[in-house]
Amino acid sequence: MMRNSEQHLHGAVAKRRQVPENLLCNLPMDILSTILSLLPINDAIRTSILSRKLKHVWCSHSNLTFDKGTMRTTYFRPSTGYYGVLKDKEFIKKVDTVLHQHSGMGVEHMEIKFGLHSKHADHIDTWVNFAIAAKTKEFVINLSGRAKIAFFIVLSRGNKWIAKEEPYNLPSQLFSPNNGPYLRCLELTTVSLQLPSDFKGFMNLKSLTLVDVSITDEDVQCMLSKCNLLEFFEIAYCGMVTSIRMLRPLDHLKHLVVDICRKLKEIELNCSPTTLKYTGAMVPLVFASTSRLTNISVVFLTCQSALSYIVNDFPSTLPKLKSLNLLCYEREVHDMSSLALLCACIAKKH
């Protein structure tokens, strides 16, 4: 009697274990692909061992994020108490393997976030070409391997951001007309960029982010002038940039973020943004109109006269302003009337 009960229990457990797999495998392929697209690429690949039907479903994964988390070997070292450090050669090998097996179709988002340099150019070029061929809509290249806040921390401690190796130079293929119709979002970090002379622009690009990018004033202006649908533009820690100027109308630009470009002297854009975030030295801010500005956040890192700047260089009319955050450093305020005038100016603009 006991033996029969044990057999019955074992059969019930085995049956319960089979149900999830059967249910999963019975789903249509398009639904399976959608489910797997919600997983990180490393977890999606692991599903290939569950059944024959699932073996190749991940190969059409639409979200290809390659970083220390998704490409790291998940082993634990008891002696140190930490997971093993992912080396650049191991990272490159894993990315190469995944892209070799991927179908190259249906890629919505592709992100490379790892500390790589010009010596890895052959591999990175292959990845960029894959993104182009796959008609990727959102393309992120962060070859610092760090978050943006890391740049600010280094600078705030009085240290210069010094790359140990020459930055990777983006290939001209990325800026070819064939890539223009598909790209919606482009984020570049710690790379070198030189636009080809025949650059026609990204006709459907809506978001552009440049962080620690070696780029000239002319190429910044060229990119802005040839991305007519641009809604979001961020430029940060670009040490070569001295001027951000665009006299041609940027009718769709709504959000402008400028962070600590140390040589920057002026910002003049023919647009009417709704959001402005600026961190750096006091420079003239010139827009075609400030009538749409609703949110402003300004951090001045130099000890200059905030009173003079607010009165003379800050936008004078802000009819739709909802939020104004201004952080600046005054060595001294000679009298309370100056402080009162400053507060009155800010209140008037609000």
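Residues numbered from 1 in each chain as written. Predicted model: local features only at pLDDT ≥ 70, side-chain atom pairs only at ≥ 80, totals over all residues. Heavy atoms only, no water.

Per an unreviewed UniProt entry, the protein goes by the name F-box domain-containing protein and belongs to Urochloa decumbens.

Asks: Explain the sheet that holds strand 5 (residues 138-142) here, please?
Replies: Strand pairing in a sheet is mediated by backbone hydrogen bonds. Such pairs are either parallel or antiparallel. The sheet built from ten strands is open, its strands ordered 1-4-5-7-9-10-12-14-16-17 with parallel pairing. Strands with a single pairing partner mark the edges of an open sheet, and in this sheet they are strand 1 (63-66) and strand 17 (323-327). Sheet twist, expressed as the mean angle between neighbouring strand axes with direction ignored, is 0 degrees. In this sheet, strand 7 (residues 185-189) lies alongside strand 5 in parallel orientation, the contact comprising five bridges. Along strand 7, the bridge assignment pairs Glu138 with Cys185. Strands strand 1 and strand 4 (109-113) of the sheet are contacted by helix 5 (residues 88-101), whose axis makes an angle of about 165 degrees with strand 1. Against the sheet, helix 6 (residues 121-133) engages strand 1, strand 4 and strand 5, with an angle of about 165 degrees to strand 4. (Pairing = 2+ DSSP bridges. Helix = DSSP H or I, 4+ residues; strand = E, 2+ residues; numbered from the N terminus. Axes fitted to C-alpha atoms, helices over the stretch in contact; angles between N-to-C directions. Contact = heavy atoms within 4.5 Å.)

Asks: Please clarify how the pattern of salt bridges should be interpreted in this entry.
Replies: Here the idea is simple: oppositely charged side chains can pair when their charged atoms come close. With the rule as written, the count across this model stands at four salt bridges. A salt bridge links Asp43 to Arg46, with the shortest nitrogen-to-oxygen separation between them at 2.6 Å. With Asp43 and Arg46 both in helix 3 (residues 41-46) and three residues apart, the pair spans about one turn of that helix. For the salt bridge of Glu268 with Arg245, the shortest nitrogen-to-oxygen distance reads 3.4 Å. Of this pair, Glu268 sits in strand 13 (residues 266-269) while Arg245 is found in strand 11 (residues 243-246), placing the two residues 23 residues apart along the sequence. A relative accessible area of 25% means that Glu268 is categorised as partly exposed. Ionic contacts of the salt-bridge type, sharing partners, join the residues Arg245, Glu266 and Glu268 into one network. (Salt bridge = Lys/Arg side-chain N within 4 Å of Asp/Glu carboxyl O. Buried < 20%, exposed > 50% of the residue type's maximum accessible area, 1.4 Å probe, protein only.)

Asks: It is not clear to me how unusual backbone geometry should be interpreted in this structure. Could you clarify?
Replies: A negative phi angle is the norm for most residues apart from glycine, just as the trans form is the norm for most peptide bonds. The phi torsion at Lys135 lies on the positive side, around 55 degrees, for a residue other than glycine. Mapped onto the secondary structure, Lys135 falls in the loop between helix 6 and strand 5. Given a relative accessible area of 43%, Lys135 falls into the partly exposed group. Of note in this structure, Tyr237 is not a glycine but carries a positive phi near 55 degrees. Its location among the elements puts Tyr237 in the loop between strand 10 (232-236) and strand 11.

Asks: What is the right way to read the environment of Pro40 from this model?
Replies: Among the secondary structure elements, Pro40 is positioned in the loop between helix 2 (29-37) and helix 3. Judged by its relative accessible area of 38%, Pro40 is partly exposed. For Pro40 and Gly69, which are 29 residues apart along the polypeptide, the C-alpha to C-alpha distance reads 9.4 Å. Beyond its immediate stretch of four places on either side in the chain, Pro40 contacts His61 and Thr70.

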